[in-house]
Amino acid sequence: MPASCNDRMYSLGASGSTIRQLFAYGQRRKAEIGADNVFDFSIGNPNVPAPAQVREAILAALDEPSVELHGYTAGPGAASTRAAIAASLNRRFGTAYEAGNLYMTMGAAAALDASLNAVLDPGDEVICIAPFFPEYQMWVESAGCVCVRSLADERMMPDVDDIAARITPRTRAVIVNSPNNPTGAVYPAEVLARLADALTAASERNGRTIYLIADEPYREIAYDGVTVPWVPAIYGPTLVCYSWSKSLSLPGERIGYVLVPNTMPAWQEVYAAVCGAGRALGYVCAPSLMQHVVERCVDVPSDVAAYARNREALLGGLRGIGYDCVEPQGAFYLWVRALEPDAKAFSDRARGHELLLVPSDDFGMPGYVRVSYCVSHETIVRSLPAFRALWDEYRAGDAR
Ligand code: PLP
C-alpha cells in the first residue's frame with residue numbers, strides 16, 4: 001500500500017488485467033522460443049487488416065489543411081462526422097437520428113465509461129451479465145458504484161428471471177454486450193424483449209429509469225446470417241456504445257461513439273450528461289484524424305470471412321478432440337469448458353503446451369477459458385496438436 005499515491009489506482013496499474021498479463025507473457029515467451037512456437041489466444045487484437053478504404057481515407061484526410069485536420073474538434077465530435085454516422089444508422093435501422101444524438105469517443109471503452117458516469121450516482125448498482133468483459137467492473141467501481149453479477153444461462157443467454165430478481169431500488173443500469181465477448185453469443189430479439197419488459201416494470205416500480213447500456217464493438221461480426229437486433233428499437237432507454245476497433249480493425253486508433261437515441265425519454269438531458277461525463281473524464285475530443293476517416297468509411301463492411309474460417313477450424317478441431325465449446329454466433333472468441341474446475345490451473349497447464357488461454361474467473365464465471373481466434377488461420381491449425389496433448393494429459397491424469 002504505497003503512501004505516495006492512490007491505493008486503488010496503484011493496484012489497478014501495478015497488476016494490469018489478466019488478459020494483458022497473459023499477452024505480455026506471450027511476448028516474452030515468443031522472444032525465447034520463437035513466435036511460431038507460441039499459440040497466443042489471449043487478446044482480442046484483430047488479425048484481419050483494415051480495409052483498403054481506411055488507408056485511402058487516411059491519405060485523403062492528409063490532403064486537408066493541417067490546422068483543421070489535427071486541431072481540436074468540438075467536444076462531442078465533428079458535426080459532419082456525426083451526421084454521416086447518424087445517416088448510416090438511419091439507413092440501416094429505419095431511425096431518425098441526428099448529429100446531436102452522437103458523442104464521439106476513444107473507442108468503446110471511453111464510450112462505456114462516459115455512459116456509465118452520465119447515468120450513475122455514487123452507490124448505484126449496475127447489473128452485468130456474466131461472463132462479461134472484465135473492465136466493466138472496474139469502470140462501475142470507479143464511478144463509486146456496485147457491479148452486480150447475473151450469471152448467463154447454460155446457452156450463455158441473459159437469465160431474465162435472475163436479472164429481475166437482482167434489481168433493487170438502487171439499480172440504475174444493465175450492460176448488454178451482443179455479440180458477446182467472451183462467449184460469442186448473440187442475444188435474440190425475444191430475449192431482449194423479455195429483458196425490456198422486466199426493466200420497464202422495475203423502472204415504474206422504482207420511479208427511476210433503469211438504462212440498458214448496449215456495448216456493441218462486435219455488432220458487425222456475426223456468422224451464418226444471424227441478425228444482431230437493434231437494441232434501442234426494443235428498449236427506449238438504451239445508450240449504444242460502438243467502436244471501429246473490431247469492425248474495421250482499428251483498435252489502436254481509438255475511435256467510437258455513444259449514441260443517445262432521440263427516442264429515449266429525456267434524451268437531451270442524458271446526452272448533455274454524456275458530454276459532461278466526457279468532460280469530467282478529460283476526454284476533450286476523439287482523435288480528429290480518425291473522425292475524418294470513419295466519416296468516409298461509415299458504410300464499409302467488416303471482413304468477417306477470415307474469422308468465420310477460423311471459427312469453423314477451431315470449433316471443429318476442439319469438438320473433434322472432445323472439448324465442450326459454446327458455438328459462437330458472433331465476435332471472435334470461443335468459450336471452452338476447462339478440463340478441471342479451476343480455470344486458472346487449467347490455463348497454467350495449457351501454458352505448458354504453449355497455449356495461452358484466458359481463464360474465465362476475471363469474466364465473472366468459473367470453469368471456462370476464452371480462446372481468441374482473431375489470429376492467423378495457420379496458428380489455429382498448428383495449435384490443434386497442442387490442444388490434443390493437453391486433453392491427453394488430463395485423460396492420463398484421470399486414468400492414474
Ligand atoms: N467492450 C468489449 C466487450 C470489448 O471486447 C472491448 C475490447 O476488446 C471493448 C469494449 C473496448 O473496445 P475499444 O477498443 O473499442 O475501446
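Since the structure is predicted, the reported quantities are computational estimates derived from the model, not experimental observations. (Residues numbered from 1 in each chain as written. Predicted model: local features only at pLDDT ≥ 70, side-chain atom pairs only at ≥ 80, totals over all residues. Heavy atoms only, no water.)

**Q** So what exactly am I meant to see when it comes to the domain arrangement of the protein chain here?
**A** Accessible area lost during the coming together of the parts is what is often quoted as the interface size. For the protein chain, the domain assignment lists domain 1 (7-51 + 302-399) and domain 2 (71-297). Taking only C-alpha atoms, the centre of domain 1 and the centre of domain 2 are 27 Å apart. With 32 residues of domain 1 at the contact, the number on the domain 2 side is 35 residues. Counting each side, the surface lost to burial between domain 1 and domain 2 is near 2600 Å², with a carbon and sulfur contribution of 61%. Remark: the boundary between domain 1 and domain 2 carries 2 salt bridges. Across the contact surface, domain 1 and domain 2 share 17 residue pairs in polar contact (both at pLDDT 80 or more). Within the residue set of the side of domain 1 that touches domain 2, elements represented by two or more residues are α1 (7-15), α12 (305-321), β10 (333-337) and β13 (368-372). In terms of residue class, the side of domain 1 that touches domain 2 is built from 21 nonpolar, 7 polar and 4 charged. (Domains from an automatic or database assignment. Contact = heavy atoms within 4.5 Å. Buried area = accessible area lost by both parts, 1.4 Å probe. Salt bridge = Lys/Arg side-chain N within 4 Å of Asp/Glu carboxyl O. Polar contact = N/O pair within 3.5 Å; in protein donor to acceptor, adjacent residues only side chain to side chain. Helix = DSSP H or I, 4+ residues; strand = E, 2+ residues; numbered from the N terminus. Nonpolar A, V, L, I, M, F, W, Y, C, P; charged D, E, K, R; others polar.)

**Q** Even after reading the chapter, I still don't get helix α9 (residues 189-206), so can you show me in this structure?
**A** In an α-helix, one turn spans 3.6 residues; hence positions three or four apart end up facing the same way. Compared with the 26 Å implied by 1.5 Å per residue over 18 residues, the 25 Å span of α9 between its first and last C-alpha is a close match. For α9, the full list of buried residues reads Val191, Leu192, Leu195, Ala196, Ala198, Leu199, Ala202 and Ser203. Of the surrounding elements, those touching the buried residues of α9 are α8 (160-166), β5 (171-176) and β6 (211-215). Glycine 207, located one to two residues past α9, shows a positive phi value of around 65°. (Expected span 1.5 Å × (residues − 1). Buried < 20%, exposed > 50% of the residue type's maximum accessible area, 1.4 Å probe, protein only.)

**Q** Any chance you could explain the state of the cysteines here in plain terms?
**A** Here a disulfide denotes a covalent bond joining the sulfur atom of one cysteine to the sulfur atom of another. The full count for this structure, using the stated rule, is 0 disulfides. Note on cysteine 128: no disulfide assigned, nearest cysteine sulfur contributed by cysteine 147 at a separation of 3.6 Å. The exposure class of cysteine 128 is buried, given its relative accessible area of 0%. With no disulfide of its own, cysteine 241 lies closest to cysteine 128 among cysteine sulfurs, the gap being 12 Å. (Disulfide = S-S within 2.5 Å.)

**Q** How should the site of the ligand be read in this particular structure?
**A** Taken together, 15 residues are adjacent to the ligand, and Asn181, Asp215, Tyr218, Ser243 and Arg254 come closest. For the ligand, an oxygen atom lies 2.8 Å from a polar atom in the side chain of lysine 246. Relative to its unbound accessible surface of 390 Å², the ligand loses 92% to contact with the protein. Of the pockets mapped on this structure, the ligand occupies the largest pocket. The element that contributes the greatest number of residues to the shell around the ligand is helix α6 (residues 107-119), accounting for 4 residues. Grouping the amino acids of the shell around the ligand by side-chain chemistry returns 7 nonpolar, 5 polar and 3 charged. (Near = heavy atom within 4 Å. Areas by Shrake-Rupley, 256 points an atom, 1.4 Å probe, with all protein chains shown as cover. 1 Å grid on protein atoms, 1.4 Å probe; cavity = no way out; pocket = protein on both sides within 12 Å on 5 of 7 lines; lining within 4 Å. Sits in = over half its atoms within 2 Å of the grid points.)

**Q** Looking at this model, I keep getting lost on the pattern of salt bridges. Mind explaining?
**A** Opposite charge on two side chains lets them pair, provided their charged atoms get close. Evaluation of the coordinates by the stated rule reveals 21 salt bridges. Arginine 8 is the salt-bridge partner of glutamate 141, the closest N and O atoms lying 4.0 Å from each other. With glutamate 141 in helix α7 (residues 135-142) and arginine 8 in helix α1, this residue pair connects regions lying 133 residues apart in the sequence. The partner of aspartate 224 in a salt bridge is arginine 311, with the nearest N and O atoms 3.0 Å apart. Within this pair, whereas aspartate 224 is found in the loop between β6 and β7 (238-243), its partner arginine 311 is found in helix α12, the two being separated by 87 residues in sequence. The exposed category is assigned to aspartate 224, whose relative accessible area is 65%. Salt bridges sharing common partners tie together Arg92, Glu216, Arg219 and Glu220.

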